[in-house]
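# Observations on chain architecture
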Amino acid sequence: MLRGHTLAKIVRQWGFVISTGAAGFVAGMAGFIVLGLDGIFQALNDIPTAAVGAALSVLLALAALAIGALIALARQRFRNRQARIALNNMSQGLCMFDGAARLVLCNMRYIEMHHLRREQLRHGMPLRELLVLRRQTGTFSDDPDRYVAACLKHVAEGRTEAR
């Protein structure tokens, strides 16, 4: 679930691509300042042709990989956006946890039903902590520790729970 509807802020995968490009730009500018245009041409002329060809091939391959990675990232973001829209347009509240009772996802309807704020929830949040928050809003009256123990017992037995 992305932007605005996240439980935790997504680490921007563009950051690595942009920072790598910026580092390459800075390195190129530093080389230009130190060597000058004539120094760069002289350095390129001193390198054997085979090495220049190999270096150029590597650079082109890396550029193709970067473009492919950006396309794959764009496709994944599109699929995530579609899933987020579907989850948040459900009339039911949905909350899912992993085997260690840590929050995997929940939709906006769940947050609204239990009078919570998005900022209070985060990916990996323990179920007990969520139940304490719900207890504070008056939407959970049981003992959080007992409830979590029962849930973990159900998971260990391979049973699921739906309410």
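Definitions and limits used
- Residues numbered from 1 in each chain as written.
- Predicted model: local features only at pLDDT ≥ 70, side-chain atom pairs only at ≥ 80, totals over all residues.
- Heavy atoms only, no water.
- Phe/Tyr/Trp six-rings, centres within 6.5 Å; stacked < 30°, edge-to-face > 60°.
- Buried < 20%, exposed > 50% of the residue type's maximum accessible area, 1.4 Å probe, protein only.
- Patch = residues over 30% accessible without salt bridge, like charges linked within 9 Å, V, L, I, M, F, W, Y side chains within 5 Å.
- Areas by Shrake-Rupley, 256 points an atom, 1.4 Å probe, with all protein chains shown as cover.
- Salt bridge = Lys/Arg side-chain N within 4 Å of Asp/Glu carboxyl O.
- Helix = DSSP H or I, 4+ residues; strand = E, 2+ residues; numbered from the N terminus.
- Polar contact = N/O pair within 3.5 Å; in protein donor to acceptor, adjacent residues only side chain to side chain.
- Axes fitted to C-alpha atoms, helices over the stretch in contact; angles between N-to-C directions.
- Parallel < 35°, antiparallel > 145°, perpendicular 65-115°, else oblique.
- Left-handed = near helix turned anticlockwise from the far one by under 90°.
- Contact = heavy atoms within 4.5 Å.
- Nonpolar A, V, L, I, M, F, W, Y, C, P; charged D, E, K, R; others polar.
- Core = buried A, V, L, I, M, F, W, Y, C linked by side-chain atoms within 4.5 Å.

### Things to note about the packing of aromatic side chains
Here the distance between the centres and the angle between the planes together describe a pair of aromatic rings. If you walk through the whole model with that rule in mind, you get one aromatic pair. A centroid spacing of 5.4 Å and a plane angle of 80° characterise the contact between Phe140 and Tyr147, whose relative ring orientation is edge-to-face. The exposure classification of Phe140 matches that of Tyr147, with both residues buried.

### Details of a nonpolar patch on the surface
A surface patch of nonpolar side chains, about 960 Å² in accessible area, is lined by Phe25, Val26, Met29, Phe32, Ile33, Leu37, Phe41, Leu44, Ile47 and Val52. No other element matches helix 1 (residues 14–46), which puts eight residues into the nonpolar patch.

### What to know about the side chain of His114
Tracing the backbone shows His114 in the loop between helix 3 (108–113) and helix 4 (127–137). Given the relative accessible area of 11%, His114 is considered buried. Within polar-contact distance, the side chain of His114 engages the side chain of Thr139 at 3.5 Å.

### Re unusual backbone geometry
For Ala101, which is not a glycine, the phi torsion comes out positive at approximately 60°. Relative to the helices and strands, Ala101 is located in the loop between strand 1 (95–97) and strand 2 (103–106). Given the relative accessible area of 10%, Ala101 is considered buried. Positive phi, close to 55°, is recorded for His115, a residue that is not glycine. Tracing the chain through its elements places His115 in the loop between helix 3 and helix 4.

### Structural notes on the packing of helix 4 against helix 5 (residues 144–156)
Each pair of packed helices gets described by two things: the angle between the helix axes and the distance between those axes. Running from N to C, helix 4 and helix 5 point in directions that differ by 140°, and their axes come no closer than 9 Å. In terms of orientation, helix 4 lies oblique with respect to helix 5. Helix 5 is crossed by helix 4, and the crossing has right-handed handedness. The residues of helix 5 that touch helix 4, namely those facing Leu127, Arg128, Leu131, Val132 and Arg135, are Pro144, Asp145, Tyr147, Val148 and Cys151. Residues that form the contact of helix 4 with helix 5 fall into these classes: seven nonpolar, no polar and three charged.

### Some details on the nonpolar core
Formed by Leu103, Cys106, Met108, Tyr110, Ile111, Leu116, Leu121, Met125, Leu130 and Leu133, the largest nonpolar core amounts to 10 residues. Secondary-structure elements contributing two or more residues to this core are strand 2, helix 3 and helix 4. Per-element tally for this core: the top contributor is helix 3, with three residues. Counting seven residues, the second-largest nonpolar core is a separate cluster that includes Ala101, Phe140, Tyr147 and Val148.

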